[in-house]
Amino acid sequence: MAFQYSSDRAWIRTRILTNHLLSSSSQSVSPLESNVCLSYSPPELHESFLFDTKEMRKLLDMHNIEDRDWLFGLMRQSKVFNPQEKGDRVYVAPDYNQSMEQQREMTMKRIAYLLERGVFDGWLTGKGLESEMKKFAFFEVTGIFDHSLFVKLGVHFFLWGGAIQFFGTKRHHDKWLKDTETFAIKGCFAMSELGHGSNVRGIETVTVYDSNTGEFVINTPCESAQKYWIGGAAKHATHTVVFSQLNINGTNQGVHAFIAQIRDADGNICPNIQVADCGHKIGLNGVDNGRIWFNNVRIPRENLLNSVADVSSDGQYLSAIKDPDQRFAAFLAPLTSGRVTIAVGAIYSSKISLATAIRYSFTRRAFSITSNGPEVLLLDYPSHQRRLLPLLAKTYAMSFAGNYLKMIYWKRTPESNKTLHVVSSAFKATFTWHNMRTLQECREGCGGQGLKTENRVGHLRTEYDVQTTFEGDNNVLMQQVSKALLAEYVAAHKKKKPFKDLGLEHMNGPCPIFPSQLTSTVLRSTQFQIDAFCLRERDLLNRFAAEVSQHQAKGESKEYAFILGYQLAEDLGRAFSDRAILQTFMEVEATVSVGPLKDVLSLLRSMYALICLEEDVAFLRYGYLSTENAAAVRKEVTKLCSELRPRALALVSSFGIPDAFLGPIAYNWIHANSLSSVKH
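Scoring rules and cut-offs
Residues numbered from 1 in each chain as written. Predicted model: local features only at pLDDT ≥ 70, side-chain atom pairs only at ≥ 80, totals over all residues. Heavy atoms only, no water. Helix = DSSP H or I, 4+ residues; strand = E, 2+ residues; numbered from the N terminus. Rg over C-alpha atoms; globule rule 2.2 N^0.38 Å. Buried < 20%, exposed > 50% of the residue type's maximum accessible area, 1.4 Å probe, protein only. Contact = heavy atoms within 4.5 Å. Pairing = 2+ DSSP bridges. Axes fitted to C-alpha atoms, helices over the stretch in contact; angles between N-to-C directions. UniProt positions renumbered as here; feature names shortened; annotations may be inferred. Patch = residues over 30% accessible without salt bridge, like charges linked within 9 Å, V, L, I, M, F, W, Y side chains within 5 Å. Areas by Shrake-Rupley, 256 points an atom, 1.4 Å probe, with all protein chains shown as cover. Salt bridge = Lys/Arg side-chain N within 4 Å of Asp/Glu carboxyl O. Lys, Arg positive; Asp, Glu negative; His and termini not counted. Charge placed at Lys NZ, Arg CZ, Asp CG, Glu CD. Polar contact = N/O pair within 3.5 Å; in protein donor to acceptor, adjacent residues only side chain to side chain. pLDDT = per-residue confidence, 0-100. Nonpolar A, V, L, I, M, F, W, Y, C, P; charged D, E, K, R; others polar. Core = buried A, V, L, I, M, F, W, Y, C linked by side-chain atoms within 4.5 Å. Phe/Tyr/Trp six-rings, centres within 6.5 Å; stacked < 30°, edge-to-face > 60°. Lys NZ or Arg CZ within 6 Å of the ring centre and 35° of its normal. Parallel < 35°, antiparallel > 145°, perpendicular 65-115°, else oblique. Arc of directions from axis to C-beta.

Colleague: So what exactly am I meant to see when it comes to the overall build of the protein here?
Modeller: For the protein, the helix and strand inventory stands at 22 helices and 15 strands. Here the C-alpha radius of gyration of the protein, 28 Å, is about what a compact globule of 680 residues would show, namely 26 Å. Seen through its C-alpha atoms, the protein measures out along the principal axes to roughly 100 × 70 × 70 Å. Scored against the burial criterion, the 680 residues of the protein give a buried share of 54%. A fraction of 75% describes how many contacts in the protein between residues 6 or more apart in sequence connect residues 24 or more apart.

This is the structure we're talking about:
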């Protein structure tokens, strides 16, 4: 029977092919006619800018725009940033055809170039909000050029330098910060181990104190305790902050941080230290990730970073915080800078890919809808609008939320540390997941051109993939968010007091009620949108608390009960993040006067809110939306796409990313690929 089926299929295909050939041969054949070749027409010639893009950029970048533009120009001027002429433009981007070793050396050459021109002045020794804002602005620009440069600087300044700033005291600041700022020393940050990443408390490196010599002694007791993925360790770093269990007189006092030298000024590995290279990676090969082993490495007592705890010369452990849990929390609180910068950096990556893909879709055509008509622009296809424009709205929303995150980081106080931890955890996970999806959609949306490294959108995906893992695995971070919300819930109910933290104040009022029918006017109203997000968060928190309580009533521990409720925890973390992002968007929108700018912000905000409603199955799973209302949401998203289409070019132009930092397909892709542009 199988043979008969195969024979029949072959016969049918043969008949079809024969009929096709006979039909073709019977038709009159006209001579080949020359067609008018495709030509590139800049979208600015036929697209209107319906609002002030400079004012929009001020909202997006928020601070230090002139400083950003100065650094963009500085990078364009130098050969160290690999300028390449394509068509009638010059683009700057790393040469990913270089070997791993070459990419690492180029990263250091770029740092040296920026150092000589004063870019890093005040990054660790500057005082005040103005200095902090300028540092972040410059740092964000470096990430637009190259993620390896961004990470290398982040490790040196924000992790190594930040640890000295926040874990150390005056003696450490005086000794280390200026030399770090000038790269007289090169720092790294040895926290992760082969056996422990997110679970910092479980790290196995051990440090003891020798009261006879006044030294700490650091050891790697087993292979799983080797420090792993340490940026800078494989080649360039001279010093590291080592995170280790501190054992004093036989008592483990928990994780502490120490300064240790791993190389001398000539680059030679120090005695009793062993270093190995982590090797080639799927991205970030301009960063020299390494592994470190310590074998009775002795360091001065003063090298303990002692803002939280200290050890006296005679070996007494000293800390004003007696509770080990509170001490650990205080110890890790300053590390939020990594999550803040990663979250913001992810949004700039999304901006690069969207600016490139959307500009390309304004000039690339495919297929005609009439026999002799012109081919249709990609962005005039509703399906292509659906691919890119909701992601554009989300990127805008997260850009505003990222600015809010930076503000609460810059203005942090001991009282605000909890909010900063929860918001930075939620946004880091949400923004980096969004970035991964955006990069993939833009890569596919650019077709074959998206595969070319020079066009950036494809290669950026492998460069940024690690963001979902380092500085906290995204799933683990979202569990921390849900755990913090649960703690607020339990405390409020136990004390019978209203909610007052983490944006949960909405739970003090009556539960929102949806209209039975969701019209376009209702769907686009801020009241409906925030009510929908608050209802979801409120209900999920109630469900999560009830589920954990039920597991505990059956004899499970609080910790295991939380683990068993992971599905609701994931939904709740997303609900918290989405609601917080929407609120920041609404706050930005409220600062803008009536006019075209406010109108487009309203469209973007509605798109953000409704695409969240459409994409999160929790709205259907838990009955917040009926199937009819879910269909109404879907229909409204499509309408919003058509309304954002005429504004799309202005929206990506508002990102303020210079031409040179996008891919060639964002501009004259025909000229960039012409034979005349090929260099032999």
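Colleague: Sorry, what's going on with the sheet that holds strand 9 (residues 273-277) here?
Modeller: Sheet strands associate in pairs through backbone hydrogen bonding, adopting either a parallel or an antiparallel arrangement. The 3 strands are arranged 6-10-9 in an open sheet whose pairing can be described as antiparallel. Unpaired on one side and paired on the other, strand 6 (227-231) and strand 9 mark the two borders of the sheet. On average, adjacent strands in this sheet sit at an angle of 35° to one another, irrespective of strand direction. Of the strand pairs in this sheet, strand 9 and strand 10 (residues 289-294) are connected by 5 bridges, and their pairing is antiparallel. Looking at strand 10, one finds that Ala276 is bridged to Arg291.

Colleague: Would you mind going over the UniProt feature "domain: Acyl-CoA oxidase C-terminal" (unreviewed entry) in the protein with me for this structure?
Modeller: Within this structure's numbering, the places UniProt gives as "domain: Acyl-CoA oxidase C-terminal" (unreviewed entry) are residues 527-663. As a span, residues 527-663 carries 78% helix and 0% strand, and end to end its C-alpha atoms are 40 Å apart.

Colleague: Can you help me understand unusual backbone geometry in this one?
Modeller: When glycine is set aside, most residues are seen to have a negative phi, and most peptide bonds are trans. Positive phi is not limited to glycine here, since Phe183 has a value of about 65°. Relative to the elements of secondary structure, Phe183 occurs in the loop between helix 7 (170-181) and strand 3 (187-190). Accessibility expressed as a relative area gives 11% for Phe183, which makes it buried. We note that Asn272 has phi near 70°; this positive angle belongs to a residue other than glycine. Looking at the element boundaries, Asn272 is found in the loop between strand 8 (251-261) and strand 9. What makes Asn272 partly exposed here is its relative accessible area of 45%.

Colleague: Whenever I open this one, a positive patch on the surface confuses me. Can you help?
Modeller: A contiguous patch of positive charge, built from Lys494, Lys495, Lys497 and Lys500, is present on the exposed surface. Mapped onto the elements of the fold, Lys500 is located in the loop between helix 13 (474-495) and helix 14 (520-523). The class of Lys500 is exposed, set by a relative accessible area of 65%.

Colleague: For this particular structure, what's the right way to read the environment of Glu193?
Modeller: Checked against the element boundaries, Glu193 lands in the loop between strand 3 and strand 4 (206-210). Exposure remark for Glu193: the relative accessible area of 5% places this residue in the buried category. Sequence spacing of Glu193 and Phe150 is 43 residues, and the spatial spacing of their C-alpha atoms is 22 Å. Apart from the residues within four sequence positions on either side, Glu193 is in contact with Ile203, Glu204, Thr205, Ser224, Ala225, Gln226, Lys227, Tyr228 and Phe243. Among the polar contacts made by the side chain of Glu193, one reaches the side chain of Lys227 at a distance of 3.0 Å.

Colleague: In this structure, what is going on with a nonpolar patch on the surface? I would like to understand it.
Modeller: A surface patch of nonpolar side chains, amounting to about 270 Å² of accessible area, comprises Tyr560, Ile563 and Leu564. Considering the arrangement of structural elements, one finds Tyr560 in helix 16 (residues 558-564). Classification of Tyr560 as partly exposed rests on a relative accessible area of 39%.

Colleague: Could you clarify how one ought to interpret the confidence of the model for the protein in this entry?
Modeller: Averaged over every residue, the pLDDT of the protein is 93; the share at 70 or more is 94%. Every residue in residues 1-34 scores below 50 in pLDDT, and together they form 0 contacts with partners more than four places removed in sequence or on other chains.

Colleague: Whenever I open this one, the packing of helix 5 (residues 128-145) against helix 6 (residues 147-167) confuses me. Can you help?
Modeller: Any two packed helices are characterised by the angle at which their axes cross and by the distance between the axes. Running from N to C, helix 5 and helix 6 point in directions that differ by 145°, and their axes come no closer than 6 Å. Every residue of helix 6 that contacts helix 5 at Lys135, Phe136, Phe139, Thr142, Gly143 and Phe145 is listed here: His147, Leu149, Phe150, Leu153, Gly154 and Phe158. Each residue belonging to the contact of helix 5 with helix 6 can be placed in one class, and the counts come to 7 nonpolar, 4 polar and 1 charged.

Colleague: Any chance you could explain the nonpolar core here in plain terms?
Modeller: A general tendency of soluble globular proteins is for nonpolar side chains to be buried together. Within the largest apolar cluster, 200 residues are counted, with the highest numbers of intra-cluster contacts made by Leu114, Phe243 and Ile358. Residues contacting Ile358, with those up to four places away along its chain left out, are Leu379, Leu388, Leu389, Leu392, Ala648 and Val652.

Colleague: So what exactly am I meant to see when it comes to the packing of aromatic side chains here?
Modeller: Each aromatic ring pair is described using two quantities: the centre-to-centre distance and the angle formed by the ring planes. Here the structure, examined in full by the defined rule, presents 33 aromatic pairs. For the pair Trp70 and Phe138, a centre-to-centre distance of 5.7 Å together with 40° between the ring planes defines the contact as tilted. Taken as a pair, Trp70 in helix 3 (residues 65-76) and Phe138 in helix 5 lie far apart in primary sequence, 68 residues in all. Looking at Trp70, the relative accessible area reads 40%, which means it is partly exposed. Aromatic ring contacts, followed pair by pair, group Phe120, Trp123, Phe136, Phe139, Phe150, Phe157, Phe158, Phe183, Tyr409 and Trp410 into a single cluster. If you follow Arg89 out to its NZ or CZ, it ends over the ring of Tyr667, 4.1 Å from the centre. Sitting over the face of the ring of Phe562, Lys483 holds its NZ or CZ atom 4.9 Å from the ring centroid.

Colleague: Sorry if this is basic, but what is going on with the pairing of strand 11 (residues 297-300) here?
Modeller: Alternating positions in strand 11 separate cleanly, Val297 and Ile299 being buried on one face and Arg298 and Pro300 remaining unburied on the opposite face. When strand 5 (residues 215-219) meets strand 11, the two strands line up antiparallel, connected through 4 bridges. Note on strand 11: the bridge partner recorded for Val217 is Arg298.

Colleague: Please explain the packing of helix 13 against helix 15 (residues 526-553) as it appears in this structure.
Modeller: Running from N to C, helix 13 and helix 15 point in directions that differ by 85°, and their axes come no closer than 10 Å. Comparing their axes, helix 15 and helix 13 come out roughly perpendicular. Residues Ser482, Leu485, Leu486 and Tyr489 of helix 13 pack against Glu537, Leu541, Asn542, Phe544, Ala545 and Val548 of helix 15. Looking at the contact of helix 13 with helix 15, its residues break down into 7 nonpolar, 2 polar and 1 charged.

Colleague: How should I be thinking about helix 2 (residues 53-61) in this particular structure?
Modeller: The α-helix winds at 3.6 residues per turn, so residues separated by three or four positions along the chain end up facing the same way. The set of residues buried in helix 2 consists of Thr53, Met56, Arg57, Leu60 and Asp61. Buried residues in helix 2, looked at end-on, bunch into an arc of 120°, giving them a common side. Packed against the buried residues of helix 2 are helix 3, helix 9 (336-361), helix 10 (382-410), helix 18 (596-615) and helix 21 (648-653). The N-cap residue of helix 2 is Asp52: its side-chain oxygen and the backbone nitrogen of Lys54 are 2.9 Å apart.

Colleague: What's the story with the pattern of salt bridges in this structure? I'm lost.
Modeller: Where charged atoms from two side chains of opposite charge come close, those side chains can pair. In this structure the tally under the stated criterion is 44 salt bridges. Linking Lys170 and Asp174 is a salt bridge whose minimum nitrogen-to-oxygen distance equals 2.7 Å. Here the residue Lys170 and the residue Asp174 both occupy positions in helix 7, the gap between them amounting to 4 residues, near one helical turn. Both residues of the pair, Lys170 and Asp174, belong to the exposed class. Close ionic contact of Asp578 with Arg574 constitutes a salt bridge, the shortest N to O distance being 3.8 Å.

Colleague: Sorry, what's going on with the side chain of Asp146 here?
Modeller: Position of Asp146 among the secondary structure elements: in the loop between helix 5 and helix 6. It turns out Asp146 is buried and unbridged, and the closest side chain with the opposite charge, Arg110, is 4.2 Å from it. The contact partners of Asp146, leaving out residues within four places of it in the chain, are Pro94, Tyr96, Arg110 and Glu463.

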